[in-house]
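Observations on the three-dimensional arrangement
Chain by chain, the residues:
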Amino acid sequence: MTKKALITGVTGQDGSYLAELLLQKGYEVHGIKRRASLFNTQRVDHIYEDPHSNSANFKLHYGDLSDSSNLTRILSEVQPDEVYNLGAQSHVAVSFEAPEYTADVDAMGALRLLEAIRFLKLENKTRFYQASTSELYGLVQEIPQTETTPFHPRSPYAVAKMYAYWITVNYREAYGMYACNGILFNHESPRRGETFVTRKITRGMANIAQGLEQCLYMGNIDALRDWGHAKDYVRMQWMMLQQDEPDDFVIATGVQYSVREFIIWSAAELGLTLEFRGEGVDEVAVVTAIEGDKAPAVSVGDTVLKIDPRYFRPAEVETLLGSPAKAKAKLGWEPQITAQEMCAEMVFEDLKTAQRHALLKQHGMELPVSVEG
Ligand code: NDP
Ligand code: GDR
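Residue numbers restart at each chain and count upward from 1, following the sequence in its written direction. Working convention: letters from A go to chains and numbers from 1 go to ligands, in the order in which they are written. Given that this is a predicted model, residues contribute local features only at a pLDDT of at least 70 and side-chain atom pairs are listed and counted only at 80 or more, while totals for whole chains, interfaces and linings are drawn from all residues.

**Observations concerning the site of ligand 1**
Taken together, 26 residues lie around ligand 1, and G9, G12, G87, A88 and A131 are the ones closest in. Every helix listed is a DSSP run of H or I at least four residues long, and every strand listed is a run of E at least two residues long, numbered separately from the N terminus. With three residues, the single largest contributor to the shell around ligand 1 is helix 1 (residues 13-24). Its residues placed into classes, the shell around ligand 1 shows eight nonpolar, 15 polar and three charged. As a rule, any residue with its backbone-derived C-beta atom within 6 Å of a molecule or strand is reported as near that molecule or strand. Polar here means any residue outside two lists: the nonpolar Ala, Val, Leu, Ile, Met, Phe, Trp, Tyr, Cys and Pro, and the charged Asp, Glu, Lys and Arg; Gly therefore counts as polar.

Put into structure tokens, the structure is as follows:
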């Protein structure tokens, strides 16, 4: 029998990689996409199949995590073996601007799905994965963070995700559902949203190299993160739902770097050596040497990065470092791609895009480049 999976957030970074993985494994994959005024399926267009064909294994449904009746109807139609709840307002800084919406989607969304499974009496058939997060640890109580480290969320996003974490545990304990939390640390890729810090850096640096932007404006560049590659992390999401018993797992690399280090690596991929000068909000990064021809628009002495306090958060998560020991011991999972390799891949992809834009600009066909975020 072909297994069926339903993915919320299928148009996002993780959703797109997970959909690819499940299709490779022979699943029939259903995804929930939001209605938007512009196409929002760029990350899954390459696996899109004509819905008019009866043999399509990848099917998209309009829906929203804020809409219970819509979720219940889709679950009832699909009768999935596995539900991956990846949909969320996933930007921590934005959650301070839109806390109520974030709670509705990120906290109540998980409850709506679990209730729909229960209401439809699918609890013995459908396995549930909740996209939990290292942001739960917030003000960290223990280094490295494990499955038993106490939580102290530091943003409306993290507080909403804490509800989703516990309601998932609660439905497992109360109704015997196969429901798991993956407590995932930051994971990135060339498909990462443009306003998360790694992609903002790789895309911004590539644009500067090609003369499409002058300077990158950043917030707290001393924040420390445990960065992995999204491809490694979605593999683990699937593995968690294949166990005999449901359980919660930390997914991390066990290695930590600063945002500042990620900036230095990205610049180096473009042949640029940076020197940080000044302190606090007056700190800047200046180019002190250039190698190769990847950054024709940059000269020695250019200031390519400044600090802008509007990217500071009302409450910051300064440091995160996870222990993947349980995932390694119980599931045999190990990340394959290092943070530096991932950075190189992201710069490579962003540089290709920037070079295309620069070529169009040279021929008088300049496209607008969004830099807000
Ligand atoms: P993205 O922001 O790339 O994707 C989020 C997805 O959720 C998008 O498909 C988005 O749709 C969808 N979505 C947003 N709001 C709603 C809504 N109201 N109803 C239905 N769908 C909605 O996130 P990632 O892929 O990076 O992350 C996946 C999940 O994992 C998220 O829940 C995130 O919070 C969590 N997580 C992520 C980590 C990371 O480092 N990436 C680490 C730990 C947890 P649209 O495309 O239309 O915007
Ligand atoms: P995070 O990721 O908040 O950890 O949440 P993000 O990449 O946004 O920030 C990481 C760190 O970088 C600092 N920072 C900046 N961040 C952004 N976005 N823009 C900037 O200009 C900037 N300058 C410095 C931040 O302050 C922070 O310390 C991500 C999301 O994917 C969540 O959904 C997920 O749950 C967690 O990772 C684990």
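**Some details on the confidence of the model for the protein chain**
Here the protein chain averages 96 in pLDDT, and 99% of its residues register 70 or above. The predictor rates its confidence in each residue with pLDDT, a number between 0 and 100. When mean pLDDT is taken per element in the protein chain, strand 4 (residues 82-85) scores highest with 99 and strand 3 (residues 58-62) scores lowest with 96. Here the prediction assigns the complex a pTM of 0.98, and the interface score ipTM is 0.99.

**Describing the sheet that holds strand 13 (residues 272-277)**
Here four strands make up an open sheet; going across it, the order is 8-15-14-13 and the pairing mixed. At either margin of the open sheet sits one strand with a lone partner, and together these are strand 8 (216-218) and strand 13. Across the sheet, the mean angle separating the axes of adjacent strands is 25 degrees when strand polarity is ignored. For the purpose of contact definition, each residue receives a C-beta atom placed from its backbone, and two residues are in contact when these atoms lie within 7 Å. Axis definition: a line fit to C-alpha positions, over the contact stretch in the case of helices; interaxial angles, taken between N-to-C directions, run 0 to 180 degrees. Seen against the sheet, helix 8 (residues 259-269) touches strand 13, strand 14 (284-290) and strand 15 (303-307) and runs at an angle of roughly 150 degrees to strand 13. Two strands make a pair as long as DSSP finds a minimum of two bridges between them.

**Notes on the sheet that holds strand 3**
With respect to topology, seven strands assemble into an open sheet ordered 3-2-1-4-5-6-11, the strand pairing being parallel. Because the sheet does not close on itself, it has two edges, and the strands there are strand 3 and strand 11 (249-251). Taken over all neighbouring pairs, the strand axes of this sheet differ in orientation by 20 degrees on average, direction set aside. Where helix 7 (residues 230-240) meets the sheet, its contacts fall on strand 4, strand 5 (127-133), strand 6 (179-184) and strand 11, and the angle it forms with strand 6 comes to roughly 160 degrees.

**As for the nonpolar core**
By our criterion, buried Ala, Val, Leu, Ile, Met, Phe, Trp, Tyr and Cys residues that link up through C-beta atoms within 7 Å make up a nonpolar core. Buried, partly exposed and exposed are defined by the number of other C-beta atoms within 10 Å of a residue's own C-beta, namely 20 or more, between the two limits, and 12 or fewer respectively, with C-beta atoms placed from the backbone. Counting residues in hydrophobic clusters, the biggest one holds 65 residues, and the most contacted among them are I7, L18, L114, I117, F128 and I251. In terms of residues, this core owes the most to one element, helix 5 (residues 156-175), which gives nine residues. Apart from the residues lying within four places of it in its own chain, the contact partners of L114 are F128, I167, Y171 and A179. Among the nonpolar cores identified, the runner-up in size contains 32 residues, and M218, V298, L305 and M342 belong to it.

**Some points on unusual backbone geometry**
Note the cis peptide between I143 and P144, where omega equals -5 degrees. Locating P144 in the fold gives a position in the loop between strand 5 and helix 5. The residue Q79 is not glycine, and still its phi comes out positive at about 50 degrees. Along the polypeptide, Q79 turns up in the loop between helix 2 (68-78) and strand 4. Even without glycine at this site, K121 takes up a positive phi of about 55 degrees. Checked against the element boundaries, K121 lands in the loop between helix 4 (99-119) and strand 5. In this structure K121 comes out as exposed when scored by C-beta crowding, with 9 C-beta atoms within 10 Å.

**Points about the site of ligand 2**
By nearness alone, 23 residues border ligand 2, and V92, T133, V197, G219 and A223 come closest of all. Elements supplying a minimum of two residues to the shell around ligand 2: helix 3 (92-97) and helix 6 (197-209). Counted by class, the shell around ligand 2 contains eleven nonpolar, seven polar and five charged residues. All domain edges in this entry derive from an automatic or database-based domain assignment. Looking at which domains feed residues into the shell around ligand 2, each of domain 1 (4-184) and domain 2 (197-224 + 258-316 + 338-363) gives three or more.

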